[in-house]
Protein chains: 2
Amino acid sequence: MMQQAEIHWSDNEKKVAEIALKKAYDQEVKALIEGVREKANLISLTEDVWQLHDFLSAKRHEIDGKYDDREPFLMYTLSRLVKDGLLALSDLAELEADKQAKISLLTRM
Amino acid sequence: MMQQAEIHWSDNEKKVAEIALKKAYDQEVKALIEGVREKANLISLTEDVWQLHDFLSAKRHEIDGKYDDREPFLMYTLSRLVKDGLLALSDLAELEADKQAKISLLTRM
């Protein structure tokens, strides 16, 4: 992970990031809930139950680590959400141009 | 767990135990699948998803350890399934009387 301790976030930028994270999180959770319902309705074998369990274990681990809002990790967190299609760069239009450029660059890494 | 290494199982008794274990297992898995479908359809919050995950983790762990068909553990395995309502003593009517009595005793422990 890149060293980003030197990046300064204004109060407004922190608010923009917070709103963006919440938007992405809500979207991811909504898709997860729909996915779980679908998978559950298709269960017919024991193996399907354990596959659902494995899926939830992986998702929980992934989501637990994904929404890190600590400032030194925020650029990385936001770029990953853009990369995953959970945020658009336009959601971050209120960040200063330099941050937007760096996030855009990170999404291509 | 009690020491049971001295108990002898005839071929027919092994077969009876095997059939009983399969019956209990199938019944437990059927109930589990129904339970997972119901829980999944009631999910509306993220917390509900993680509760389903916790439920599946616990069930998987429980079921993994529950159907131990190694001979030294068979009396214990069968008695637990009776205790849990997944088997009736009548499912074990073909076992020799002494085994049935011991299993019945174990279910009350």
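What you see as residue numbers is a count from 1 along each chain, following the sequence as written. The naming scheme follows written order: chains are lettered A onward, ligands numbered 1 onward. Owing to the predicted nature of the model, reporting of local features is limited to residues with pLDDT of at least 70; listing and counting of side-chain atom pairs is limited to 80 or more, with chain, interface and lining totals taken over all residues. Values reported for side chains reflect all heavy atoms of the structure, with hydrogen atoms and water molecules removed beforehand.

Draft legend 1. Examining the overall build of chain A more closely. From N to C terminus, chain A includes four helices and zero strands. Across chain A, helices and strands are ordered from the amino to the carboxyl terminus as α-α-α-α. Radius of gyration: C-alpha atoms only; globule rule: 2.2 Å multiplied by the number of residues to the exponent 0.38. A compact globule built from 109 residues would reach a C-alpha radius of gyration of about 13 Å, whereas chain A, at 17 Å, exceeds it by more than 25%. For chain A, the C-alpha atoms occupy an extent of roughly 50 × 25 × 25 Å along the three principal directions. Buried residues are those whose accessible area, probed at 1.4 Å on protein chains only, stays under 20% of the maximum for their type, while exposed residues exceed 50% and partly exposed ones sit between those limits. Looking at chain A residue by residue over its 109 residues, the buried ones come to 40%. Long-range contacts, defined here as pairs at least 24 residues apart, represent 66% of the contacts in chain A between residues at least 6 apart. Counting only carbon and sulfur atoms, one obtains 53% of the accessible surface of chain A, whose full area is about 6400 Å². One finds the centroid of the 16 positive side-chain charges in chain A at a distance of 1 Å from the centroid of its 21 negative side-chain charges. Here a strand is any run of E in DSSP of at least two residues, a helix any run of H or I of at least four, and the numbering for each starts at the N terminus. Contact between two residues is taken to exist if any of their heavy atoms lie within 4.5 Å; hydrogens are not considered. In these tables, accessible area is a Shrake-Rupley quantity obtained with a 1.4 Å probe, and a residue counts as shielded only by the protein chains included in the view. The positive count covers Lys and Arg only, the negative count covers Asp and Glu only, and His and the chain ends enter neither. Note on charges: their place is set at NZ of Lys, CZ of Arg, CG of Asp or CD of Glu.

Draft legend 2. Spotlight on the relation of the copies chain A and chain B. Placing chain A over chain B gives an RMSD of 0.0 Å and needs a rotation angle of 180°, together with 0.0 Å of translation along the axis. Within this description, the copies of the chain are treated as partners about a two-fold rotation axis. Mapped onto chain B, 100% of the interface residues of chain A are again interface residues, and the two copies thus contact each other with one and the same surface. The fit set for superposing copies consists of C-alpha atoms from residues with pLDDT of at least 70 in both; the fit itself is least squares.

Draft legend 3. Representation of the nonpolar core in the model. In these notes, a set of buried Ala, Val, Leu, Ile, Met, Phe, Trp, Tyr and Cys residues joined through side-chain atoms within 4.5 Å is what counts as a nonpolar core. Counting residues in each nonpolar core, the largest one holds 60 residues, and the members touching the most others are Val36 and Leu78 of chain A together with Val36 and Leu78 of chain B. Mapped by element, the contributors of at least two residues to this core are α1 (11–42), α2 (46–66), α3 (71–83) and α4 (97–107) of chain A together with α1 (11–42), α2 (46–66), α3 (71–83) and α4 (97–107) of chain B. Apart from residues lying up to four places away in sequence, valine 36 of chain A is in contact with Leu52, Phe55 and Leu56 of chain A together with Ala40, Ile43, Val49 and Leu52 of chain B.

Draft legend 4. Structural context of the interface of chain A and chain B. Chain A puts 22 residues into the contact, and the matching count from chain B is 22 residues. Joining two parts hides part of their accessible area as seen by a 1.4 Å probe, and the buried area is that hidden amount summed over both. Both faces combined, the contact of chain A with chain B buries some 2000 Å², and carbon together with sulfur accounts for 66% of it. Think of a salt bridge as a Lys or Arg side-chain nitrogen and an Asp or Glu carboxyl oxygen that are within 4 Å of each other. If you look at where chain A meets chain B, you find two salt bridges. In this structure, arginine 60 of chain B engages aspartate 54 of chain A in a salt bridge whose closest nitrogen and oxygen atoms are separated by 2.8 Å. For the purposes of these results, a polar contact is taken to be a pair of N or O atoms within 3.5 Å, where, inside protein, one atom must be able to donate a hydrogen and its partner to accept one; residues adjacent in sequence count only when each atom of the pair is a side-chain atom. At the junction of chain A and chain B, the tally comes to 10 residue pairs in polar contact (both at pLDDT 80 or more).

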